[in-house]
Amino acid sequence: METVETDGVSAIAFLPDPATAWAGLIAVASTEGGIDLFNPDGESVYRMTGPRLWGLAAAPGFQLRGEALPLIFGADRNTNLVRAYALLRSGPEIIEAPIEPIGPEGEIAAVCGLGEGIGFVDLMVLSRGTTAEIWRISDNGGERIGAERRARFELPAPARTCTAANDEIYASGPAGGVFRLDIDGNTLVQIDGFASSLAAGEFLGRPVVILSDGVSRTLEIRDGTSLELIGNAIIRNGFSIPGIEQPGAIAATAASFGGASYQSGLVAIADETDGRVRLIARETFARGITDVN
């Protein structure tokens, strides 16, 4: 487990490198503004100053004019738009990417990634009301990267965070609980509770969603289909690495980041008490889940 030192974290996203696993990067949106890049050893490799971003979405496989151009997206509440940044791996360096305007009807709240396909990436953009929109980002041959709104729908309640895995979308807000949606925006399951940050993926051989409320020490582990509570996780003190007293922003990936520990992926968790991010091997995190039954 590695520790990433930051000034405070509002969101985390992974930028795996399919050609060289150990060269993958972790993007962290700072509460002070801008994006920091770290390697899997927790070392800072680049800092971009800029606006504070709410939610981060990464498209590590995006291509522009046939050339690899990984993208990072974040919601800028000052401009009410989704900002897009290109990652130049050779630096590494982050530069603002020319993209067609992406903004919801109403004030923007956050953005999350829904997945990549050949030549495109889909995003969900949350408004500060109950509206959510799905946008498709693609290279349409124009001067700017194309952005097309493909769907607009109402959520059961306002949401401030979202994530996706296996064609399922999860969202949560301060008053409306946690809900699972399908790709068309239909609410499939809704439960009481609140998450300030969400991560989803397959753990323990089943789809799960991880909930952080930003206050308590315990992470909730819920079934990815029913949203029933199946376990808890507490990151305790380990060898040379402090535990997490107050989990905040979280992210998970099954992509390899190299080495013996990170081949099966990573879980990244920010600690609200010290502003640091802990990088935990996916398998190690799964073994630490305590069954509530």
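Residues numbered from 1 in each chain as written. Predicted model: local features only at pLDDT ≥ 70, side-chain atom pairs only at ≥ 80, totals over all residues. Heavy atoms only, no water.

Peer 1: Teacher, can you tell me more about the confidence of the model for the chain here?
Peer 2: Low-confidence regions, as indicated by low pLDDT, have predicted coordinates that should not be scrutinised in detail. Residues with a pLDDT of 70 or more make up 96% of the chain, whose mean pLDDT is 92. The spread of mean pLDDT over the elements of the chain runs between strand β1 (residues 2-4), the lowest at 66, and strand β9 (residues 71-76), the highest at 97. (pLDDT = per-residue confidence, 0-100. Helix = DSSP H or I, 4+ residues; strand = E, 2+ residues; numbered from the N terminus.)

Peer 1: How should the sheet that holds strand β13 (residues 120-127) be read in this particular structure?
Peer 2: By way of backbone hydrogen bonds, the strands of a sheet pair with one another, either parallel or antiparallel. Read across the sheet, 4 strands follow the order β12-β13-β14-β15 without closing on themselves; strand pairing throughout is antiparallel. Two strands close off the open sheet at either side, each with one partner strand: β12 (108-117) and β15 (146-154). The mean inter-strand angle of the sheet, taken between neighbouring strand axes irrespective of direction, is 20°. (Pairing = 2+ DSSP bridges. Axes fitted to C-alpha atoms, helices over the stretch in contact; angles between N-to-C directions.)

Peer 1: Help me out: how do you make sense of the pattern of salt bridges in this one?
Peer 2: Two side chains with opposite charge may pair up if their charged atoms get near one another. Under the definition given, this model contains 16 salt bridges. A salt bridge links R150 to E148; its shortest N-O distance comes to 3.9 Å. Among the residues examined, E148 registers a relative accessible area of 44% and is labelled partly exposed. Here the salt bridges share partners, and the residues they tie into one network are E105, E133, R149 and R152. (Salt bridge = Lys/Arg side-chain N within 4 Å of Asp/Glu carboxyl O. Buried < 20%, exposed > 50% of the residue type's maximum accessible area, 1.4 Å probe, protein only.)

Peer 1: Could you clarify how one ought to interpret the sheet that holds strand β6 (residues 54-59) in this entry?
Peer 2: One open sheet accounts for 4 strands, arranged β6-β9-β10-β11; its pairing is antiparallel. Lying at the two open borders of the sheet, with one neighbouring strand each, are β6 and β11 (93-96). Sheet twist, expressed as the mean angle between neighbouring strand axes with direction ignored, is 25°. Sheet analysis places β9 next to strand β10 (residues 81-88), joined by 6 bridges and oriented antiparallel. Its bridge partner being in β10, A75 is matched across the sheet by V82.

Peer 1: Before we go on, may I ask you to explain the pairing of strand β3 (residues 25-30) in this structure?
Peer 2: Side-chain positions along a regular strand alternate between the two faces of the sheet. Judged by how many residues are buried, β3 sits mostly within the fold: 6 of 6 residues are covered. Examined bridge by bridge, strand β2 (residues 9-15) and β3 share 6 bridges and lie antiparallel to one another. The partner of A11 across the bridge, within β3, is A29. Where β3 and strand β4 (residues 35-38) come together, 4 bridges link them in antiparallel fashion. Bridging across to β4, A27 finds its partner in L37.

Peer 1: Would you explain the environment of A109 in this entry?
Peer 2: Considering the arrangement of structural elements, one finds A109 in strand β12. The exposure class assigned to A109 is buried, which follows from its relative accessible area of 0%. Residues in contact with A109, not counting those within four places in the same chain, are W54, R77, L126, S127, R128, A159 and R160. (Contact = heavy atoms within 4.5 Å.)

Peer 1: Got a minute to help me understand the packing of aromatic side chains in this structure?
Peer 2: The geometry of an aromatic ring pair comes down to the distance between the two centres and the angle between the two planes. The full count for this structure, using the stated rule, is 2 aromatic pairs. Measuring from centroid to centroid gives 5.7 Å for F14 and F257, while their planes differ by 65°, and the two rings are edge-to-face. Taken as a pair, F14 in strand β2 and F257 in the loop between β24 (247-253) and β25 (266-271) lie far apart in primary sequence, 243 residues in all. Ring centres of F203 and F285 lie 5.7 Å apart, and the angle between their planes is 65°; on these two criteria the pair is classed as edge-to-face. Linking F203 in strand β20 (residues 197-203) with F285 in helix α1 (residues 282-287), this pair joins segments that are 82 residues apart in sequence. Just as F203 is buried, F285 falls in that class too. Directly above the ring of F120 sits R136, whose terminal nitrogen or CZ lies 3.7 Å from the centroid. (Phe/Tyr/Trp six-rings, centres within 6.5 Å; stacked < 30°, edge-to-face > 60°. Lys NZ or Arg CZ within 6 Å of the ring centre and 35° of its normal.)

Peer 1: I would appreciate a short explanation of the environment of Q246 in the present structure.
Peer 2: Relative to the elements of secondary structure, Q246 occurs in the loop between β23 (229-233) and β24. Between the alpha carbons of Q246 and E272 there is a distance of 5.3 Å; along the sequence they are 26 residues apart. For Q246, the contacting residues outside a window of four places in its chain are G214, V215, S216, A270, D271, E272 and T273.

Peer 1: How do you make sense of unusual backbone geometry when you look at a structure like this?
Peer 2: Excluding glycine, most residues fall at negative phi; most peptide bonds, likewise, are trans. Of note, the bond from G91 into P92 is cis; its omega dihedral lies within 30 degrees of zero at -10°. Assignment of secondary structure puts P92 in the loop between β10 and β11. For N80, which is not a glycine, the phi torsion comes out positive at approximately 65°. Here N80 lies in the loop between β9 and β10. With phi around 65°, D167 is a residue other than glycine that occupies positive phi space. Relative to the helices and strands, D167 is located in the loop between β16 (161-165) and β17 (168-173).

Peer 1: Just checking my understanding: could you explain the environment of T163 for this structure?
Peer 2: One can find T163 in strand β16. As for T163 and W54, which are separated by 109 residues in sequence, their C-alpha atoms are 13 Å apart. Sequence-distant contacts of T163, that is, excluding residues within four places in its chain, are made with C112, E168, I169, Y170, L198, A199 and A200.

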